Every structure is written in structure tokens, then in C-alpha cells.
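What the coordinates show
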Amino acid sequence: MSEHTITVAGVAVDTRHWIGGERVASAQTFPDVSPIDGSTIGEISRGTGMEAAAAVAAAKAAFPAWAATSRAERARILHAIADGVEKRIEELSIVETTDNGALLRSHRRGVMPRVAHNFRFFADWLLKLEHEDFETRGHTNHVSWDPAGPSVLITPWNAPLMLATWKVAPALAAGNTVILKPAEWTPLTASLLADIAAEAGLPAGVLNVVQGYGSEIGDALTSHPDVRRISFTGSVPTAKRIAESAAANLTPLSLELGGKSPLLVFADADLDLAVDLAVEQYDNAGQVCLAATRFLVEESVAEEFTRRFVEKAGQLTQGDPRGEATDIGPNIHPLQLEKIDGFVQRAVAAGARAVIGGHRKDGQYYAPTLLTAVAQDSEIVQEEIFGPVLTLQTFATEDEAVRLANDTRFGLAATLATGAPERAERVTAQLVAGTVWTNCFFVRDLQAPFGGSRHSGVGREGGTWSFDFYCDVKNTVTSPNGWNNHG
Ligand code: NAD
């Protein structure tokens, strides 16, 4: 084991970058801290412009051969990566939980199998990706998806490997080479992914992983002229910075950003179902971009809804995310905790009432919170909090519900609880949201388009939309005339 390898819950993790098929250390490091107990897990290579340039150069050098690799061979390697992920589900789960504090049982049973599925899905989709040829005045139109080139993928900490592979898998399937930059608060599983990909036979330089603070290494990646795609998941301010940086080379961008999504509960809804959907919003300690954090409840059922919600939320267990019975773990970082509490205390000072929660707990935990008496134009209703903090407002009419639902700068998702299909159809048609769930939440299929409107993002990924983004889509028009009697 090298001096750069740390052991995390018995799993060896290399703390260096992975560039051109080799481990590369930086002169400086940064500490990676566990949100479970605030302990330092290890020191991670702290990338600079130099490592960014080296990773882009490696991705550029590897691109022609990978782009020319047959679809079948690319798909085979992606399936081999999925096999490697499946073999290491236990290891990936415990490392991810140590790093970001999300529930171990969710990682084991939901997230890591889904990581493997990301690779399988895009491998299989690649093999059936085609557009039917069509004719224009006797000429044939043929649509093809050409690999675009080196792609920079930048990801956040709330679901590190899941969100990284949701980009890495389609980018590799498309024939692109990748420079992955995981969040500095959760660098570990990206390093394990590099090991798994190498073991699966992915050629050197096709996947590169660079570690470090976004503020230090980000610009060098996103402004690089050899980068042909940037896919980013994270916050709105960072997205704006990246868009400015990418503008120099007109590098195409896909941006998956924050949200302030509503849960609309109509009086005709199955109230138990609505309460189940509502309590789910505390998942991952509220650190979910898609979370329906604004409850909009029809006046006539608001009291009963609140009563049942408080009862159900009271049954949630908060504590060590490694515990099988735990429902809510810690929040990611002391800074994030401070931010969450700041939002809540300012809201309460402005007149909001905490029906439950409203305060920090020992360690890095925040009490699950529901705030009422909040004004539509207040910070607590308008800004993304990214913690276990929800608000409840009431409405009198369907029109008012739609108006409140749409009245933020975001447009990522919306969830409806209603017993009337015609109402669901009418309301959905008026909502600004990339995804609308009716009487369900978080049901996601990789072939569906995923993304947000307004400040929630630019573009869509998923299924063919991912290939549209990661490829240079080409239309070839061929005349029936002009051939030199070859046939
Ligand atoms: P963030 O914007 O602070 O960081 C995200 C990534 O960007 C990190 O890897 C960071 O190092 C990097 N970064 C920072 N500055 C950079 C720069 N100048 N250039 C390039 N990269 C830079 O976001 P976060 O706090 O890690 O994540 C939380 C946010 O992510 C929330 O807003 C959440 O809603 C959003 N999110 C969105 C989705 C979605 O699919 N829409 C999914 C998960 C999270």
C-alpha cells in the first residue's frame, strides 16, 4: 500500500488523482472530514491548474481510440464496470456513508445497485440508439451520434457516486473521454470508481479523476479549449461561474441545479398517502435537490394533514447513519449546518412558527423541522435550504395553488397529491417543472428526461437526451445520384 492510501472502515482508498491511467499526487493536500463524528478521514491530493491540464491532456490523447472503439466493445466494458461495482457494493456503501453521512442501508440496497445500473442502462441504450432514416425529395437523411470529445463532469456531495456515474456512464458510452471532479467534501468513491474502471479494462486516459477545491481547480477545467462538454450538478452560483468560464470556448453545458419544489395536497387526496410523501422529504437529511420542501395544502384539510404529518415525523429515528434503524443522518458539514440554522432562525424572527424542530442537535444533526406562518416572498420560501427544513402554506383554490407552486425562481420538480385525474392533468399542464410526480415521489427511470427549468438548470439528461448532449449529432444527406457505377 502506498503512503497515499488510506483505510476507510477497512477499505483501501487511494487519495491521489487518477490521470492517464496512473496515480498522481499533488504537492498539497486537503482534509476529508466525516460528518458522522467530525473526524478526519484522510488527506486528499489538492489539485491545481497543473493537474487539471494534465487530466485534459490525457483525456485528449485517449479520445481518438476510444471514440473509434465499437459500440459493442464500449458496452462490454461498461457492463464490466457494473460487475465491478456490484462486487464492491459493501465497500462502496461504507466508504460513501463515512464520507457524506447518508444512510448505509440506502447505499447498500438502493444507491450502489443503482450506480451499477447506470452503467448497464447506458451500455444497453447505446446499442439500440438509432434514428430511422428518412427521405427528402429522394435523398436519404441519416442521423448519427458522433462522440464529442473530452468531457468535464463536476459533481456535488449529496449523492456523490450516484450523480457522478449518472454522467460518467453516458459520457463513456457515447465515446467521450472523461475528467471527473468530485466534490471536495466527498472525494472517496470517485477514487474507488477509477480502480474499478481500470480493473474492468477501460483504457488509460478514458476516465480521469481529479480532486480538489472547485474554487482552485474548477476554472482550469471549465475554460480549457480542449474540453468539448461540461456537465455540472451543483448550486446556482457555481453554475453561473462555470457558464462564464465555458463561454470563452462556447463549450456546451448541461446544468443540473437546485430546487424549491412544491408538494401540492388537494382536499380530494388520499391523506395518508400525502403524509407519506411529505415525510419522505426528510430523506438524506433533506439534502436532495428534488425534495418537495414547500407543502401547499388545501385549507380544508390543512389541520388534519399537519396533525398526521407531525405524528408520522415523530416516529423517525435520527442518529448514526450506519445504524439499520436510522432514518435521518447528519448534515454534511458544519458550514452547511450553520447555513440551515441561519435560514430557520431568520424565518422564526420574521414570524414563522416551528411546528416541529427549529433547532440544532448535538453533533452535526439538525432536528427535522416544519415551519408555518411563512410569507410567500420570504427567504425561507424562496431559497433552497438543503437540510431537513420544510414549510407549510395553505391555499383556497386550484388557481392559487398553481400560482404559489410556480412562484419561485426554480423549476426542478413538483409533486401532487390528488384523487382526481382531471385535476392532476389540469394542474400539471400549468406547472413549471422538469418532473411532475402525481401521488408518488422520486420514481425515476433512466430513459426519462431529467433536468430543471429556470434556475434549476439548463438542458436534459437521461436516455437519448444524454446522448444528444454528449455527442455531436450529425445528419448525413445522400443523393441517389452521382455514384460511379459501384454497384
Ligand atoms: P456546489 O456548487 O458548491 O459544488 C458542486 C461542485 O462544483 C463541487 O464539485 C465543487 O468543487 C465544484 N465547484 C465549486 N466551484 C467551482 C468552480 N468555480 N468551477 C468549477 N467547479 C466548481 O454545490 P454543492 O453544495 O456541492 O451541492 C449542492 C447543490 O447541488 C444544491 O444546490 C443542490 O440542489 C444541487 N444538486 C442538484 C441536483 C440536480 O440533479 N438538479 C442533484 C444534486 C444536487
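Since we're looking at a predicted model, the values are computed, not measured.

What counts, and where the lines are drawn
Residues numbered from 1 in each chain as written. Predicted model: local features only at pLDDT ≥ 70, side-chain atom pairs only at ≥ 80, totals over all residues. Heavy atoms only, no water. Domains from an automatic or database assignment. Buried area = accessible area lost by both parts, 1.4 Å probe. Salt bridge = Lys/Arg side-chain N within 4 Å of Asp/Glu carboxyl O. Buried < 20%, exposed > 50% of the residue type's maximum accessible area, 1.4 Å probe, protein only. Helix = DSSP H or I, 4+ residues; strand = E, 2+ residues; numbered from the N terminus. Pairing = 2+ DSSP bridges. Near = heavy atom within 4 Å. Polar contact = N/O pair within 3.5 Å; in protein donor to acceptor, adjacent residues only side chain to side chain. Areas by Shrake-Rupley, 256 points an atom, 1.4 Å probe, with all protein chains shown as cover. Nonpolar A, V, L, I, M, F, W, Y, C, P; charged D, E, K, R; others polar. Axes fitted to C-alpha atoms, helices over the stretch in contact; angles between N-to-C directions. Contact = heavy atoms within 4.5 Å. Phe/Tyr/Trp six-rings, centres within 6.5 Å; stacked < 30°, edge-to-face > 60°. Lys NZ or Arg CZ within 6 Å of the ring centre and 35° of its normal.

1. A closer look at the domain arrangement of the protein
- Per the domain assignment, the segments of the protein are domain 1 (5–257 + 452–475) and domain 2 (262–438).
- Here the C-alpha centroids of domain 1 and domain 2 sit 31 Å apart.
- Both sides of the domain 1 and domain 2 interface together cover about 2300 Å² of buried area, and 56% of this is carbon and sulfur.
- Counting every contact that joins domain 1 to domain 2 gives 2 salt bridges.

2. Some remarks on the pairing of strand 5 (residues 29–33)
- Alternating positions in strand 5 separate cleanly, Phe30 and Asp32 being buried on one face and Thr29, Pro31 and Val33 remaining unburied on the opposite face.
- As defined by bridge partners, strand 5 adjoins strand 6 (residues 40–45) across 5 bridges and the pair is classed as antiparallel. If you follow Phe30 over to strand 6, its bridge partner there is Ile44.
- In this structure, the hairpin formed by strand 5 and strand 6 is closed by a connection of 6 residues, where Gly38 is found at a positive phi of approximately 75°.

3. A closer look at the site of the ligand
- Contacts to the ligand come from 28 residues, most closely from Lys181, Glu184, Ser235, Leu257 and Glu384.
- For the ligand, an oxygen atom lies 2.5 Å from a polar atom in the side chain of Glu184.
- Ser235 is positioned with one of its side-chain polar atoms (N or O) 2.6 Å from an oxygen atom of the ligand.
- Coverage of the ligand by the protein chains reaches 89% of its 860 Å² of free accessible surface.
- Classifying every residue of the shell around the ligand gives 13 nonpolar, 10 polar and 5 charged.
- Shared between two domains, the shell around the ligand takes at least three residues from each, and those domains are domain 1 (5–257 + 452–475) and domain 2 (262–438).

4. Overview of the sheet that holds strand 22 (residues 471–478)
- Overall, antiparallel pairing links the 3 strands, which are arranged 7-8-22 in an open sheet. At either margin of the open sheet sits one strand with a lone partner, and together these are strand 7 (134–136) and strand 22. When the angles between neighbouring strand axes are averaged without regard to direction, this sheet yields 35°.
- As judged from the 8 bridges shared by strand 8 (residues 139–147) and strand 22, these two strands associate in the antiparallel manner.

5. Brief notes about unusual backbone geometry
- Even without being a glycine, Ala373 presents a positive backbone phi close to 55°.
- Even without being a glycine, Phe386 presents a positive backbone phi close to 65°.
- Here Phe386 is to be found in the loop between helix 12 (379–382) and strand 18 (389–395).
- Take Phe386: its relative accessible area is 14%, and that puts it in the buried class.

6. Let's talk about the sheet that holds strand 19 (residues 413–417)
- Read across the sheet, 7 strands follow the order 16-17-18-15-14-19-20 without closing on themselves; strand pairing throughout is mixed. Two strands close off the open sheet at either side, each with one partner strand: strand 16 (353–356) and strand 20 (435–438). The mean angle between the axes of side-by-side strands here comes to 25°, regardless of whether they run parallel or antiparallel.
- In this sheet, strand 20 lies alongside strand 19 in parallel orientation, the contact comprising 4 bridges. By the bridge assignment, Leu416 is partnered in strand 20 with Thr438.
- Seen against the sheet, helix 13 (residues 398–406) touches strand 14 (261–265), strand 15 (292–298) and strand 18 and runs at an angle of roughly 150° to strand 18.

7. Some points on the packing of aromatic side chains
- Applying the stated criterion across every chain yields a total of 17 aromatic pairs.
- Judged by centre distance (5.1 Å) and plane angle (45°), the ring pair of Phe30 and Tyr213 falls under tilted. Of this pair, Phe30 sits in strand 5 while Tyr213 sits in the loop between strand 11 (207–209) and helix 7 (214–222), placing them 183 residues apart in sequence.
- Relative accessible area serves as the criterion here: at 1%, Phe30 is assigned to the buried category.
- Since its relative accessible area comes to 24%, Tyr213 is described here as partly exposed.
- Measuring from centroid to centroid gives 5.9 Å for Trp157 and Trp185, while their planes differ by 45°, and the two rings are tilted. Of the two residues, Trp157 sits in the loop between strand 9 (151–154) and helix 5 (160–173) while Trp185 sits in the loop between strand 10 (178–181) and helix 6 (188–199), which places them 28 residues apart along the sequence.
- Judged by relative accessible area, which is 13%, Trp157 ranks as buried.
- Cluster of aromatic residues (ring-pair linked, three or more members): Phe121, Phe122, Trp125, Trp166, Phe450 and Phe467.
- One residue, Arg346, lies across the ring of Phe343, its end atom 5.3 Å from the ring centre.
- Over the face of the ring belonging to Trp166 we find Arg444, whose NZ or CZ atom lies 4.9 Å from the ring centre.

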